[in-house]
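Residue-level listing of the chains:
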There are 2 protein chains.
Amino acid sequence: MTINSFNPTPRILMGPGPSDVHPRILQAMARPTIGHLDPQFIIMMDEIKQLLQETFITQNQLTIPVSAPGSSGMETCFVNLVEPGDKIIVCQNGVFGGRMKENVERCGGTAIMVEDEWGQAVDPQKLEDALKANPDAKAVAFVQAETSTGALSDAETLCRIAHEYDCLTIVDAVTSLGGSPLKVDEWGIDAVYSGTQKCLSCTPGLSPVSFSERAQESIKNVKQRVQSWFLDMNLVMGYWGAGTKRAYHHTAPVNALYALHESLVMLQEEGLENSWKRHSDYHQALKAGFEAMGISFVVPAGSRLPQLNAVNIPEGIDDATVRSALLNRYNLEIGAGLGALAGKVWRIGLMGNSASASNVLLCLGALEAVLSELNAPIQQGVAISAAQKVMIAKGR
Amino acid sequence: MTINSFNPTPRILMGPGPSDVHPRILQAMARPTIGHLDPQFIIMMDEIKQLLQETFITQNQLTIPVSAPGSSGMETCFVNLVEPGDKIIVCQNGVFGGRMKENVERCGGTAIMVEDEWGQAVDPQKLEDALKANPDAKAVAFVQAETSTGALSDAETLCRIAHEYDCLTIVDAVTSLGGSPLKVDEWGIDAVYSGTQKCLSCTPGLSPVSFSERAQESIKNVKQRVQSWFLDMNLVMGYWGAGTKRAYHHTAPVNALYALHESLVMLQEEGLENSWKRHSDYHQALKAGFEAMGISFVVPAGSRLPQLNAVNIPEGIDDATVRSALLNRYNLEIGAGLGALAGKVWRIGLMGNSASASNVLLCLGALEAVLSELNAPIQQGVAISAAQKVMIAKGR
């Protein structure tokens, strides 16, 4: 069967990622491919490292993008730090904490689970109790920004507690990097990973990671070889390390790195704190719209991620019907619930380039239209003006 | 420090990959990012699977691109098929056989090495001897197309022997896929991996893999969970599997997959056998030019890969000086030697879009100019016409 070129109908991406990718980033991705050991490319790699350090707010030398999606960044952190027999405390309040547990176990470690309800932030007291009960734990792992629920946990406090018990900290910042405060050095995060397709608004496929000096010491002193050759930081560093002479490890995804570089340049132009504020402002506007409509949030106020808004599906409304209508009529993608929340919630992303005034209005207007047609129990005709008021007040 | 957008000087890529990427593929990569669960995207995924089946010449249902570079495809094959205690026969005749050994060992297996000199094809007799001596071996792994030397091994014969001893076969086809014959079903290959940045002429970053029914049985029956979560085919299949309902595993590298799709569409347009012939024809032309110049090949005639030409650096000539001159004056990249061959050979790729008449002439002309200036012991003024004659004879 003859297959033709693929020309997708463009979408507005307000799901849990990928987010809308700015044309500048797409154009960067289409620049001519050059060799992964080309001197020009080495300079660009150094720039990416510097820009990632600025974005993670860290001086960590070992700050690079892993050549695969966010899940591989998670795996990079675990395979390099967890050895058979290690005890790792994993805080779970959504899907991705569960994936951390999987990773610990596949490395031969034991995961001590600290469970919180999905939608709640991680409870620091529960972590402290677990640390007291497990004085031999090597590390504490948690998700700062749970993409499955939109819950924001207090990474600073959790890291402080972990360090009091002499544990390394492994933090999932897939959805937070670039969109809300994340201060790797100030908070004492030892290993952190993120994704490119969330608040960096880049194409999916890479996973920025950063390791503290303390984590690097641990990596250098592993008793056996890291179980993954591809993700072994001791080897990866030969390519991403200092100096102009780089050892071949694997072939870098050249054009994907062009895109990441451009997205980080754009973030530098905007300013990291300005980006955090933009995400917060549009979240306030979207929230005002939802509240006016009578749609409630999954996560309690105070623990909500601005960039990922999980809301409860109104009673009697079928999840897939609504998402299909939004996609087919408005080319608007919003996210379904994951795991235990499947069918019960929508996840609405305001990430990176998607955190814009036009997206807020489109989302509220389109959702109101579709829900009204389905006779959902919502308040009509008030959402847009509620959001507009917030945006005007914020100067947006 | 303020960092600007990256605008690389375009290069002609005649190293061991990436190869020249056709503008159609770069344009495809820059199409608007859509969601990885978008119905449009699911259709495109199915097309990629079909096109990859055609390219691997297989009916294997489990034929997909791994969301990371070729090295991760290698790791995918090993982590899914090798369990602790397994004995795997690894044939090594270059760098990548050594990487296979690393993978076996990191999976807790034992690698029984069958060694051949770098530059030679794998010796089937040595494999048979190893199989006789190790009747409990589970699999045989070898590199069909050694990118480090340009040696082509007889995959059909090696697989036949392996199956006689009831072993699975794991084959590295990173440099062969699309450029020279590779017949997965006919030859009885059980697990095969490749890369996008070689003879598919796509951007680097993905690794097509294919698993036979027999390999899939083995994967389903592993005694313990696959050590890599990211590369666990049991999980990956939930996303790439049949039907329209796909389970989220990781976020697919959407735009990289657009590029792969386009490169496979282009290969389908050309025809797989026409592509093999094109690679062979331009190899003959390049070879005629080198031989006229007095530059010799590393690999004996009969085992040479058309798409990767490793040639001996003329006596007294410094490797890096020549490669820098080619890059700086002609924007031409050729490859250095790897491992034991570093400083001794150049690797000249004629892969995918790089296998063209203009590249053959540029490479010979530029190399002759640089070597002449350095007073290298070569024959001047004859290479281009020798290559031209071959191309005219081939109708190129």
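The rules behind the values
Residues numbered from 1 in each chain as written. Chains lettered and ligands numbered in written order. Predicted model: local features only at pLDDT ≥ 70, side-chain atom pairs only at ≥ 80, totals over all residues. Helix = DSSP H or I, 4+ residues; strand = E, 2+ residues; numbered from the N terminus. Rg over C-alpha atoms; globule rule 2.2 N^0.38 Å. Buried ≥ 20, exposed ≤ 12 C-beta atoms within 10 Å, placed from the backbone. Domains from an automatic or database assignment. Contact = placed C-beta atoms within 7 Å. Nonpolar A, V, L, I, M, F, W, Y, C, P; charged D, E, K, R; others polar. Pairing = 2+ DSSP bridges. Axes fitted to C-alpha atoms, helices over the stretch in contact; angles between N-to-C directions. Expected span 1.5 Å × (residues − 1). Least-squares fit on C-alpha atoms with pLDDT ≥ 70 in both. pLDDT = per-residue confidence, 0-100.

## Some thoughts on the overall build of chain A
- Each helix and strand in chain A was counted, giving 14 helices and 13 strands.
- For a compact globule of 396 residues, the expected C-alpha radius of gyration is about 21 Å, and chain A comes in at 21 Å, within 12% of that figure.
- Seen through its C-alpha atoms, chain A measures out along the principal axes to roughly 60 × 55 × 50 Å.
- The buried share of chain A, reckoned over its 396 residues, is 57%.

## A closer look at the domain arrangement of chain A
Residues and elements named next belong to chain A.
- Here chain A is described as being made up of domain 1 (22-268) and domain 2 (272-393).
- A C-alpha centroid distance of 29 Å is found between domain 1 and domain 2.
- Taken together, the 25 residues of domain 1 in the interface contact 22 residues of domain 2.
- Only α2 (39-56) and β7 (151-152) provide two or more residues apiece to the side of domain 1 that touches domain 2.

## What about the interface of chain A and chain B?
- Across the contact, 69 residues belong to chain A and 69 residues belong to chain B.
- Every element with two or more residues in the side of chain A that touches chain B is listed here: α1 (23-29), α2, α3 (70-81), α4 (95-106) and α10 (254-270) of chain A.
- The element contributing the most residues to the side of chain A that touches chain B is α10(A), with eight residues.
- Grouping the constituent residues of the side of chain A that touches chain B by class yields 29 nonpolar, 29 polar and eleven charged.

## So, the sheet that holds strand β3 (residues 87-92) of chain A
All names here are of chain A.
- Pairing in this open sheet of seven strands is mixed, and the strands run β2-β10-β9-β8-β5-β3-β4 from one edge to the other. In this open sheet, the two edge strands, each paired with only one partner strand, are β2 (62-66) and β4 (110-115). On average, adjacent strands in this sheet sit at an angle of 15° to one another, irrespective of strand direction.
- When β3 meets β4, the two strands line up parallel, connected through six bridges. Residue pairing in the sheet places Cys91 in a bridge with Val114 of β4.

## A closer look at α10(A)
All names here are of chain A.
- The terminal C-alpha atoms of α10, which comprises 17 residues, lie 25 Å apart, in line with the 24 Å expected from a rise of 1.5 Å per residue.
- With 14 of its 17 residues buried, α10 lies for the most part within the structure.
- Trailing α10 by a residue or two, Gly271 shows a phi angle of about 95°, which is positive.

## What to know about the relation of the copies chain A and chain B
- Overlaying chain A on chain B yields an RMSD of 0.0 Å, the required transformation being a rotation through 180° with an accompanying axial translation of 0.0 Å. Expressed as a symmetry operation, the mapping of one chain copy onto the other fits a two-fold axis.
- Mapped onto chain B, 100% of the interface residues of chain A again fall at the interface, so both copies present the same surface.

## Here we look at the confidence of the model for chain A
- Confidence in the prediction of chain A, expressed as mean pLDDT, is 97, and 99% of residues score 70 or more.
- For this predicted complex, the interface score ipTM comes out at 0.97, alongside a pTM of 0.98.

## A look at the pairing of strand β13 (residues 345-349) of chain B
All names here are of chain B.
- Among the five residues that make up β13, five are buried, leaving the element largely enclosed by the rest of the structure.
- With burial as the criterion, each face of β13 is covered, one bearing Val345, Arg347 and Gly349 and the other bearing Trp346 and Ile348.
- Here strand β11 (residues 308-312) pairs with β13 via five bridges, running antiparallel. Pairing of Asn312 across the sheet is with Val345, part of β13.

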